[in-house]
Amino acid sequence: MLKFDEQKQIDSVNGALALRPQIEAIVDAICAKGYDRIVYLGIGGTWASALQAESHAVELSDLPVYSLNAAEYNTRGDRRITKDSVIVLSSVSGNTAEIVTSMERLNALGCTSIGFIDNADAPLAKAVTHCITYPENEQLKFFMVVDRFMQNAGQFPQYDEYYAQLDANLAQDLVDVGKASDEFARAFAEKHHDDPIHYFVGGGVQGGSTYSYAMCYWEEQHWLRTKSIHPAEFFHGMLEIVDRDTNVTVFLAEDAERPLSERVKAFLPRICANYTFIDSKDYALPGISDQYRGYLSHLVTHAVTNRIDIHIEQINCHPVDIRRYYRQLDY
């Protein structure tokens, strides 16, 4: 398989899961002290991950969890946030401008923060209360935080069983999803690698990752024009611009919002002949109970889209780490 290092991927996921005792100790100390809300702060792809964590928490608990766009916060503020609020953030570079500015304001308020900062020497690593340094696996890290908060609140009683299953099986399962989806991914890439525009639809825990896939992967990395839309909004505008040849891909997760995507799936064949459905249900996750698959749907579909991206990169002869403008210009 093209650019596929099985052991590296297994080690990456298992390494992220091994952060759990450190995350638990931080969250447990915060819970013992008390807090008024949990705010996932992000911009771009990290805000997309925040949306996923928020959706997961809203479905399973009544904890005061919400996502906050850093650029909006820097201009508008948010009076709900107090010194007792917990801020959760992530940054690969550790110097994301909007996040750095937000943290100056939040630190002035006295907030407690948990930062997943890949560069331990970066400004954000020094700006957060608790810094955890480990690369990639952002959604997994974000979910581990809120899952511990929910468990401590008595609203995630399946916590121990769930993470025992992840520790034993998730890394290998996601590698196997990549293998199982590679031929589909190659065919998808061959068909759509130069689309004039492609529409991606996804909701629930898949909502944030659908937004991220369109923006961070196809637009930023592949320079392909896209639009992402939540399936709840599909029937309030987008359906009118879909015709026989429109490129549409619908992601189907296995959480509470799945019926919204199923409604789009049922409708599209009536008006379109160029649709694709990427459904986490199509991929086995041995060792993980069916009741937990909805918590992981976005990781399953990411394993599929990762293979698509690798094939598009090869077909278009365009390395995905090249940027024309992002961090290349002052703006």
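Please refer to the structure placed before this passage.
Since we're looking at a predicted model, the values are computed, not measured.

Caption draft 1: Quick look at the overall build of the protein. The helix and strand inventory of the protein stands at 12 helices and 9 strands. A compact globule built from 331 residues should have a C-alpha radius of gyration of about 20 Å, and the protein, at 20 Å, falls within 12% of that. Over its C-alpha atoms, taken along the principal directions, the protein stretches across nearly 55 × 50 × 40 Å. Taken across its 331 residues, the protein has 54% of its residues classed as buried. Looking at the protein alone, contacts between residues at least 24 apart form 79% of all its contacts between residues at least 6 apart. Summing over all exposed atoms, the protein offers an accessible surface of approximately 14600 Å²; the carbon and sulfur share of this is 50%. One finds the centroid of the 29 positive side-chain charges in the protein at a distance of 4 Å from the centroid of its 46 negative side-chain charges.

Caption draft 2: Here's a closer look at the sheet that holds strand β6 (residues 198-201). One open sheet accounts for 4 strands, arranged β7-β6-β8-β9; its pairing is parallel. Lying at the two open borders of the sheet, with one neighbouring strand each, are β7 (226-229) and β9 (275-279). When the angles between neighbouring strand axes are averaged without regard to direction, this sheet yields 20 degrees. Inspection of the sheet shows strand β8 (residues 248-252) paired to β9 by 5 bridges, in the parallel sense. Its bridge partner being in β9, Thr249 is matched across the sheet by Thr276. Packed on one face of the sheet, helix α11 (residues 258-271) meets β6, β8 and β9 and runs near 145 degrees to β8.

Caption draft 3: Representation of the packing of aromatic side chains within the structure. Counted according to the given criterion, the structure contains 24 aromatic pairs. Taking the centre distance of 6.2 Å and the plane angle of 90 degrees together, the rings of Tyr213 and Phe251 count as edge-to-face. Taken as a pair, Tyr213 in helix α9 (residues 205-219) and Phe251 in strand β8 lie far apart in primary sequence, 38 residues in all. For the pair Tyr213 and Phe251, one class covers both residues: buried. Between Tyr292 and Tyr295, the ring centres sit 5.8 Å apart and the planes meet at 35 degrees, which makes this aromatic pair tilted. In terms of burial, Tyr292 and Tyr295 fall into one category: buried. The structure contains a cluster of three or more aromatic residues connected by ring pairs, namely Phe184, Phe188, Phe200, Tyr213, Tyr217, Trp218 and Phe251. In this structure, Arg105 is placed above the aromatic ring of Tyr73, and the distance from its NZ or CZ to the ring centre is 4.9 Å.

Here is what the cut-offs are and how they apply
- Residues numbered from 1 in each chain as written.
- Predicted model: local features only at pLDDT ≥ 70, side-chain atom pairs only at ≥ 80, totals over all residues.
- Heavy atoms only, no water.
- Helix = DSSP H or I, 4+ residues; strand = E, 2+ residues; numbered from the N terminus.
- Rg over C-alpha atoms; globule rule 2.2 N^0.38 Å.
- Buried < 20%, exposed > 50% of the residue type's maximum accessible area, 1.4 Å probe, protein only.
- Contact = heavy atoms within 4.5 Å.
- Areas by Shrake-Rupley, 256 points an atom, 1.4 Å probe, with all protein chains shown as cover.
- Lys, Arg positive; Asp, Glu negative; His and termini not counted.
- Charge placed at Lys NZ, Arg CZ, Asp CG, Glu CD.
- Pairing = 2+ DSSP bridges.
- Axes fitted to C-alpha atoms, helices over the stretch in contact; angles between N-to-C directions.
- Phe/Tyr/Trp six-rings, centres within 6.5 Å; stacked < 30°, edge-to-face > 60°.
- Lys NZ or Arg CZ within 6 Å of the ring centre and 35° of its normal.

Note that every value here comes from positions in space, so none of it alone points to a role or purpose.
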